[in-house]
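# Analysis of the macromolecular model
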Amino acid sequence: MRKANNDSMSPPRAMTLGAGGREPVHSARRPPTPPKHTLIRLLHSLCIIRDITLARTLNYNFPKHPLVKLKESFRTSVYFVVKTLVQLFVVAKCTVRDKPWVILLLCCFSTCEAKRDDDLHIGGIFPMEGEGGWQGGQACMPAAELALADVNARSDLLSGFKLLLHSNDSKCEPGLGASVMYNLLYNPPQKLLLLAGCSTVCTTVAEAAKMWNLMVLCYGASSPALSDRARFPTLFRTHPSATVHNPTRIKLMQKFGWSRIAILQQAEEVFISTVEDLEAHCKMTGIEIVTRQSFLSDPSDAVRNLRRQDARVIVGLFYVVAARRVLCEVYKHKLYGKSYVWFFIGWYEDNWFETNLEREGIECTAEEMREAAEGHLTTEALMWNQNSNQTTISGMTSEDFRFRLNEALREAGYDIDREKFPEGYQEAPLAYDAVWAVALAFNKTMEKLQKSGLSLKNFTYTNKKIADDIYEAINSTSFLGVSGLVAFSSQGDRIALTQIEQLYDNHYVKLGYYDTQADNLTWLERERWVGGKVPPDRTVVVNELRTVSLPLFACMTALCIAGILAAIALIVFNIIHRQRRVIQWSHPACNTVMLCGCCVCFGSAIALGVDGRWVQPNHFSGLCAARAWLLAMGFSMAYGAMFTKVWRVHRHTTKPKPESKKRMHGWKLYTMVGGLLIVDVAILTAWQIRDPLQRRVEIFPLEAPYHNDDDVHIRPELEHCESEHNAVWLGVMYGYKGLVLVFGLFLAYETRSVKVRSINDSRYVGMSIYNVVVLCLITAPVTLVIASQQDAAFAFVSLAIVFCCFLSMALIFIPKVIEVIRHPTDRAESSRGSGSGSAPADEERYRELVKENEELQKLIAQKEERIRVLKQKLAEREAAAADGVTQGTIVADLVTATSDYGTSTNYTRSSRASVSDLDFSESYL
């Protein structure tokens, strides 16, 4: 530009006239009138200063901003403007003292809404001072200012234009964010683009901005809903979508073998849409979501439900303020440690779990929060260039940017040296690169518009053509920024890798990276788990079969074997001594059948203790059938033999004498036992064919392990032999056996005082029947009650069987064994009793004696009753002792009674019973 020569310019002519139409006379001391271009320069400088100051004022228009640097800048700018205005006013007054129109012109220019023609204005919406949500503007705003300074310092960008940012606080509230947007749009200057942060605010702003043909670039919004191009046609974001985390989470779950997870989310749209995408990924990969809990502000109930559902691998989706509340509840409910894995969002600050605890009313201490946070995993899109030595488009490396950002935050009052970073520190590179993306897109758009003679200054909110050009420029933008490679997909999403970190020893350690597009996981093998092993995704449930205690089974088996050996020995004894009268008169065939039945019952007791420890499940149905057949057949044989004896005694005492003298043949006894066995076979066969017994497993509630491992629980199982209609079949069997027991009990009671010489052990048989009936009546219902307690049920049933068998054998055979030992030969036995005559004759004589004895007892009872009556009369008449007639009568009655008693005595002596017969009866009884 050619420099202007002030001397060559002639002074302006006076346009005002003095009094009388003459030119005024100039004083010699009046300074010369300044040239016109000098005034114009003054006005131009004033307007430039005012515009710059106004821009700065708008940039720092935060009523409660915490940054000290911004306040000082604002005060400095105001002071500079006031000072400049005063100086210009003094100069103008001195130079144009008599030119009031010039002063008026200066004042008008100093107060007008003058605007530079080389400024490009964009709007900014930063969350700074909210109570909830993401307040990332605290770090993203300084990063955007650094980017503005770097962009405006580049002479090869924007062709001499300056990029200015007009911003305000949204507090991460969609309503307030919409208000800020409307203020930016309806207040000059006109904005070319909007920068926004916080997903909820971006959703509102981006959905409305399309009505003004405005592009929206979000530096801090991860909501998957923002990927909807139909709903948000003008939206781009340097922050990757939250859905980029879900493939990474799925990859980690597959790597560590987790197939069961839970989800805890805050009730915000960004997290709701993220969860829906995660559920779709889980469904495709076969991962079970055991529960999905959400909360609005208080997560206590949701965390409590996670524990009830036995959630072990938990994905948490919430803002950092809610994350602190969740972590405190996690500590209270002990949902941390070696048995749990938490996935948190990675864009929290590194020390998020121990800051602002008192201010937010968190009831846990920093130490408790650190304990609960230990070992959790985070997934986040890479927000810092991992190559710290790589120069980016700004000429800085990522470490250079970190240094500059830390200095700016340190000057703003943040204790960066103690790692107390403001919220949004992780996203600061995204805000920095967002400003660079805007500058590059504007630069590309300007080059395109210049070909058609247009400029970005021609943009209006109704100019769709320029808006489309800006859209194409942003969509095709690709550069290396401090956050890595910046490029946008067709949905406007940032394309980025995902970083996986784990917190241990109060520091985040990088575990690896995942490339979603290439499905490539780069793992660094740095993971470290509490407890030294990968936590399971669920409580490991170990099915433990409850079996009979081995010592108990061994003891009962030994008793049963001893009983079998004893029964075999008694069978041999019964066969060897079958010719002895003590054996012969007790029906040795029945005794042998009873002993065989006892052996079978002992075998059934052993079978009751055999369970899944010895038998495979596919063979268990055979074991069930063996138990039923052995117990039923053994009972019928043992009890049937005793029942037959009692039946024989009862028939012997109730039949007429000629029939009772007949000897009962052995085949008839066998027929009765065989009849009982036939009924058993019929019932068991029908049961086995129509509804066979099968293995059914009873499952009990979970129990704590013996070794106190929280990851393992025991699920006890108990095997039972049951059929589909088990109650019906048991009712039939119990009804049949019960009738036999009751009838046998009746017969034993009826013949309790009867002794038949041909069945010399009938009394002992009756006692055995009493014991069997009582034990069966007790054992059957008790067994049904304690069926779920394998040791108690086995011990109770087997002891009842063993006791019945041993007691029956002892009652029936011990007297015989003792008799044989005492009298080795039949001679000793013959000397006892009469020893003469056949057995039927002895029986006949015994019956006659019994009959006579009954008649005598009746006669004695009658005489005793008469004596009692007479004594009563004597007592009544003692008062009239003087009356001799009455005493004579009483004496006569006594004499008569005495004579009658003597007659009865004579009758007894004159009966056919001899002394030897009486002795025989007494010995037999």
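Residues numbered from 1 in each chain as written. Predicted model: local features only at pLDDT ≥ 70, side-chain atom pairs only at ≥ 80, totals over all residues. Heavy atoms only, no water.

Moving on, we get to empty space enclosed by the protein. For the coordinates displayed, the defined rule picks out seven cavities of 30 Å³ or more. Around the largest cavity, the lining comprises 15 residues; the ones closest to its centre are Gly-337, Tyr-340, Glu-374, Gly-375 and His-376. Only β9 (341-345) and α11 (366-373) provide two or more residues apiece to the lining of the largest cavity. (1 Å grid on protein atoms, 1.4 Å probe; cavity = no way out; pocket = protein on both sides within 12 Å on 5 of 7 lines; lining within 4 Å. Points joined across faces, edges and corners; volume = space filled by probe spheres on them. Helix = DSSP H or I, 4+ residues; strand = E, 2+ residues; numbered from the N terminus.)

By the definition in use, this model includes 30 salt bridges. Here Arg-304 makes a salt bridge to Asp-301, at a shortest N to O gap of 2.6 Å. Taken as a pair, Arg-304 and Asp-301 lie in helix α9 (residues 300-308) at a separation of three residues, close to a single helical turn. Note that Asp-469 is salt-bridged to Lys-448, the shortest N-O span being 3.2 Å. Of this pair, Asp-469 sits in helix α14 (residues 464-475) while Lys-448 is found in helix α13 (residues 428-450), placing the two residues 21 residues apart along the sequence. Each of Lys-448, Lys-465, Asp-469 and Glu-472 takes part in a single network of salt bridges with overlapping partners. (Salt bridge = Lys/Arg side-chain N within 4 Å of Asp/Glu carboxyl O.)

Before going further, it helps to examine the state of the cysteines. Applying the stated criterion across every chain yields a total of three disulfides. The residue that forms a disulfide with Cys-328 is Cys-364, at a sulfur-sulfur distance of 2.0 Å. Torsion about the S-S bond of the Cys-328 and Cys-364 cystine: about 80°, corresponding to right-handed handedness. A residue pair is termed long-range when its members are at least 10 positions apart, and Cys-328 in helix α10 (residues 320-332) and Cys-364 in the loop between β9 and α11 qualify at 36 residues. The same class applies to Cys-328 and to Cys-364, which are both buried. Across the disulfide from Cys-624 sits Cys-721; the S-S distance is 1.9 Å. Where Cys-624 bonds to Cys-721 through sulfur, the torsion about that S-S bond is close to -75°, and the disulfide is left-handed. One end of the pair, Cys-624, is in helix α18 (residues 620-654); the other, Cys-721, is in strand β18 (residues 712-722), and 97 residues separate them in sequence. Judged by relative accessible area, Cys-624 falls into the buried class, the value being 1%. (Disulfide = S-S within 2.5 Å. Buried < 20%, exposed > 50% of the residue type's maximum accessible area, 1.4 Å probe, protein only.)

Attention now goes to helix α23 (residues 790-822). Every α-helix winds through 3.6 residues per turn, so residues three or four apart in the chain are directed the same way. Here α23 is 33 residues long and its end C-alpha atoms lie 46 Å apart, about the 48 Å a rise of 1.5 Å per residue gives. Of all bends in α23, the biggest is about 40°, found at Phe-813, and the proline Pro-815 comes one to four residues later. (Expected span 1.5 Å × (residues − 1). Bend = angle between axes of the 7 residues up to and from the residue.)

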